Amino acid sequence: MKAFVTGGAGFIGSHLVDKLILRGDEVTVYDNLSSGDTKYIKHHLGDPRFKFIKADLLDLETIKKEIKNHDVVFHIAANPYVRLGETQTRLDLEQGTIATYNILEAMRINNIKKIVFSSSSVVYAETPPIDIPETYGPTLPISLYGAGKLGGEGLISSFCGTFGFQAWIYRFANVVGTRGTHGVIVDFIAKLEKNSRELEILGDGNQQKPYLYVTELVEGILFGFEHSNEQINLFNLSVDSNTTVRHIAEMVVEEMKLKNVKFKYTGGKRGWAGDVPRFQLSTAKMKKLGWQANLSSDGAVRKAIKEILSSF
Ligand code: NAD
């Protein structure tokens, strides 16, 4: 299989690339390195099955040229920072929705019909306290990042309906692991490296979310891709347990072997405007297909903390 991976130099994308190369696939990474890094893909440079293109998804002409002759597109690139929408209101429109349109349009022109998309739990926004199934609706995001993702899903669905594309749309839980460049674990470690006596925690610490380990996420993506064949294959990728932000802080403190750290909460139930403080995704659909994660949410967080600390 010849795979075109947008965002392949990023956290999740680079793990996906490792797995694809290991399986024997040919891979082209298309990444502008805005939040990714060549250090995550440098071990593939020189491999004849691997190609890296440093370019932007807003550059439709370059995508049209480089995407030729691929079998499938894994569209992983996006702005990864949910909070930025508070201050940069065009960002998710451009990096989420328009970038996805450019990919789809370049695929259409080059007659490539299969797309795998990294969406997010944020499209569900605030739900009653249930394990949210993929059929839940209406999906009305409360962050601009969520709107960008939902816009991307809508465009993908419309290219399926209008041009006969086939899609695998995955709504990820929070993803953690080595090469993580952002998110709560990296944030806590960075803050504690600066000041080991006090840790600022956004919100009240009771935010409770499921955390999935990155290589397990990648396995789930490929398992779903290989075992489902509807025109639009929509799946949550998550775990059945969850972890509070306070517990993550405690685990980070423990793993850094610190004592008497004072937790300072900024207050309120959300970490930031547009944050969904509690959710749990149903994993039933992926389980029915035959896949589930092995690590619990706490297990994934603990493993990620250890790995991130060892590379800090
Ligand atoms: P990341 O920042 O590590 O990866 C994103 C990659 O895309 C980076 O390498 C970046 O350089 C690249 N990129 C961004 N804009 C680009 C552009 N305009 N042109 C070309 N390349 C561009 O983030 P990640 O955590 O690996 O996220 C990957 C995907 O998964 C994103 O779509 C994100 O929204 C989604 N997602 C992540 C999580 C999570 O917990 N990490 C949860 C849900 C969904």
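Please refer to the structure higher up on the page.
As a starting point, this report considers the structure included with it. (Residues numbered from 1 in each chain as written. Predicted model: local features only at pLDDT ≥ 70, side-chain atom pairs only at ≥ 80, totals over all residues. Heavy atoms only, no water.)

Moving on, we get to the overall build of the chain. Along the chain, the regular secondary structure elements total nine helices and 15 strands. Against the 2.2 N^0.38 benchmark of 20 Å for 312 residues, the chain shows a C-alpha radius of gyration of 19 Å, consistent with a compact globule. The principal-axis extent of the C-alpha atoms belonging to the chain is close to 60 × 45 × 40 Å. Looking at the chain alone, contacts between residues at least 24 apart form 81% of all its contacts between residues at least 6 apart. Put simply, the chain shows about 13600 Å² of open surface, and 50% of that area lies on carbon and sulfur atoms. A distance of 1 Å separates the average location of the 37 positive side-chain charges in the chain from that of its 35 negative side-chain charges. (Helix = DSSP H or I, 4+ residues; strand = E, 2+ residues; numbered from the N terminus. Rg over C-alpha atoms; globule rule 2.2 N^0.38 Å. Contact = heavy atoms within 4.5 Å. Areas by Shrake-Rupley, 256 points an atom, 1.4 Å probe, with all protein chains shown as cover. Lys, Arg positive; Asp, Glu negative; His and termini not counted. Charge placed at Lys NZ, Arg CZ, Asp CG, Glu CD.)

When a protein is soluble and globular, its nonpolar side chains tend to lie buried together. If you look at the biggest cluster of nonpolar residues, it comprises 58 residues, and the most contacted ones within it are Val5, Phe74, Tyr170, Ile185 and Leu237. Of the residues forming this core, the biggest block, seven residues, is contributed by helix H6 (residues 214-227). Each of domain 1 (2-175 + 212-237) and domain 2 (180-209 + 241-279 + 295-311) accounts for three or more of the residues forming this core. Once residues within four sequence positions are removed from consideration, phenylalanine 74 is found in contact with Met1, Ala3, Phe4, Val5, Thr6, Leu16, Leu20, Val116, Ile221 and Leu222. Among the nonpolar cores identified, the runner-up in size contains 24 residues, and Ile53, Val73, Ala77 and Ile115 belong to it. (Core = buried A, V, L, I, M, F, W, Y, C linked by side-chain atoms within 4.5 Å. Buried < 20%, exposed > 50% of the residue type's maximum accessible area, 1.4 Å probe, protein only. Domains from an automatic or database assignment.)

Of the two faces of strand S9 (residues 198-201), the one holding Leu199 and Ile201 is buried and the one holding Glu198 and Glu200 is not buried anywhere. Note that S9 and strand S14 (residues 262-265) share four bridges and pair parallel. Within S14, the position partnered with leucine 199 by the bridge is phenylalanine 263. (Pairing = 2+ DSSP bridges.)

Right, let's get into the side chain of lysine 209. Along the chain, lysine 209 falls in strand S10 (residues 208-209). Residue classification places lysine 209 among the buried residues on the basis of a relative accessible area of 8%. The residues contacting lysine 209, other than those within four sequence positions of it, are Asn174, Asn242, Thr243, Asp275, Val276, Pro277, Phe279 and Ser297.

Attention now moves to the sheet that holds strand S4 (residues 72-75). Ordered in space as S3-S2-S1-S4-S5-S7-S12, the seven strands form an open sheet in which the pairing is parallel. Two strands in the sheet have a free side with no partner beyond their single neighbour: strand S3 (50-54) and strand S12 (232-237). Within the sheet, the average angular offset between the axes of one strand and its neighbour, ignoring direction, is 15°. Taken together, the five bridges between strand S1 (residues 2-6) and strand S2 (residues 26-31) define a ladder with parallel strand orientation. (Axes fitted to C-alpha atoms, helices over the stretch in contact; angles between N-to-C directions.)

None of this, on its own, says anything about what the molecule does.
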